[in-house]
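# Coordinates in review
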Amino acid sequence: MVDDLEGIECAQTTPGDPNAETPETALIAKTDRARLEAAIAALPVPFRETLVLRDVQGLDYREIAEVTDVPIGTVMSRLARARHRLIATLAKDEA
């Protein structure tokens, strides 16, 4: 039975492949994803909305300005502030 499990594990990860996902890297990625989602959710709504429209949905500044009905300058300001708060929150969590 142990030999069978070792064979399965060896088949799932190729030796020397640095990009091979292991249970440990999968758990770390899941934890990082959860921290990022929580940090985004904690942003004020205008910042979160702008960040998601730009960095998740890929809209450009003009499109975001149209969707949110604010000037492009406001879009740029909200995006910069959202990213700054997000980075600060994630850095604080790591400390």
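Residues numbered from 1 in each chain as written. Predicted model: local features only at pLDDT ≥ 70, side-chain atom pairs only at ≥ 80, totals over all residues. Heavy atoms only, no water.

## Regarding the overall build of the chain
The cut-off we apply is this: Elements are defined by DSSP. Helices are runs of H or I of four residues or more, strands are runs of E of two residues or more, and each kind is numbered from the N terminus. The criterion used for residue contact is that any of the two residues' heavy atoms lie within 4.5 Å. Accessible areas in this description were obtained via Shrake-Rupley with a 1.4 Å probe; residue shielding takes into account the shown protein chains only.
Helix and strand counts for the chain stand at five helices and zero strands. Overall, the chain shows an N-to-C arrangement of helices and strands of α-α-α-α-α. Long-range pairs, those at least 24 residues apart, make up 49% of the contacts in the chain with a sequence separation of at least 6. Carbon and sulfur atoms make up 57% of the accessible area of the chain, which amounts to about 7100 Å² in all.

## Some words on a nonpolar patch on the surface
Inclusion rule: Patch membership requires more than 30% relative accessible area and the absence of a salt bridge. Residues of like charge join within 9 Å; the nonpolar side chains Val, Leu, Ile, Met, Phe, Trp and Tyr join within 5 Å. The salt bridge criterion pairs a side-chain nitrogen of Lys or Arg with a carboxyl oxygen of Asp or Glu, the two atoms within 4 Å. Using a 1.4 Å probe on the protein chains alone, a residue whose accessible area is under 20% of its type maximum counts as buried, one over 50% counts as exposed, and one in between counts as partly exposed.
On the surface, a nonpolar cluster with roughly 250 Å² of combined accessible area is contributed by Tyr61, Ile72 and Met76. Considering the arrangement of structural elements, one finds Met76 in helix 5 (residues 72-94). Relative accessible area serves as the criterion here: at 42%, Met76 is assigned to the partly exposed category.

## Overview of helix 4 (residues 61-68)
Selection criterion: The reported arc concerns the directions from the helix axis to the C-beta atoms and nothing else. Under the rule applied, a polar contact is a pair of N or O atoms within 3.5 Å (in protein, one hydrogen donor and one hydrogen acceptor; residues adjacent in sequence only if both atoms are side-chain atoms).
The set of residues buried in helix 4 consists of Ile64, Ala65 and Thr68. The buried residues of helix 4 occupy one face: seen down the axis, they fall within an arc of 100 degrees. Helix 4 presents Glu66 and Val67 as exposed residues on the side facing more than 90 degrees away from its buried surface. For helix 4, the capping residue at the N-terminal end is Asp60, with a side-chain oxygen 3.2 Å from the backbone nitrogen of Arg62.

## Some points on unusual backbone geometry
The backbone of Asp69 sits at a positive phi, close to 60 degrees, despite the residue not being glycine. Structurally, Asp69 is set in the loop between helix 4 and helix 5.

## With respect to the side chain of Thr50
Following the sequence through the fold, Thr50 ends up in helix 3 (residues 45-56). Residue class for Thr50 comes out buried when judged on its relative accessible area of 0%. Not counting the four nearest positions on each side in its chain, Thr50 is found in contact with Ile64, Val75, Arg78 and Leu79.

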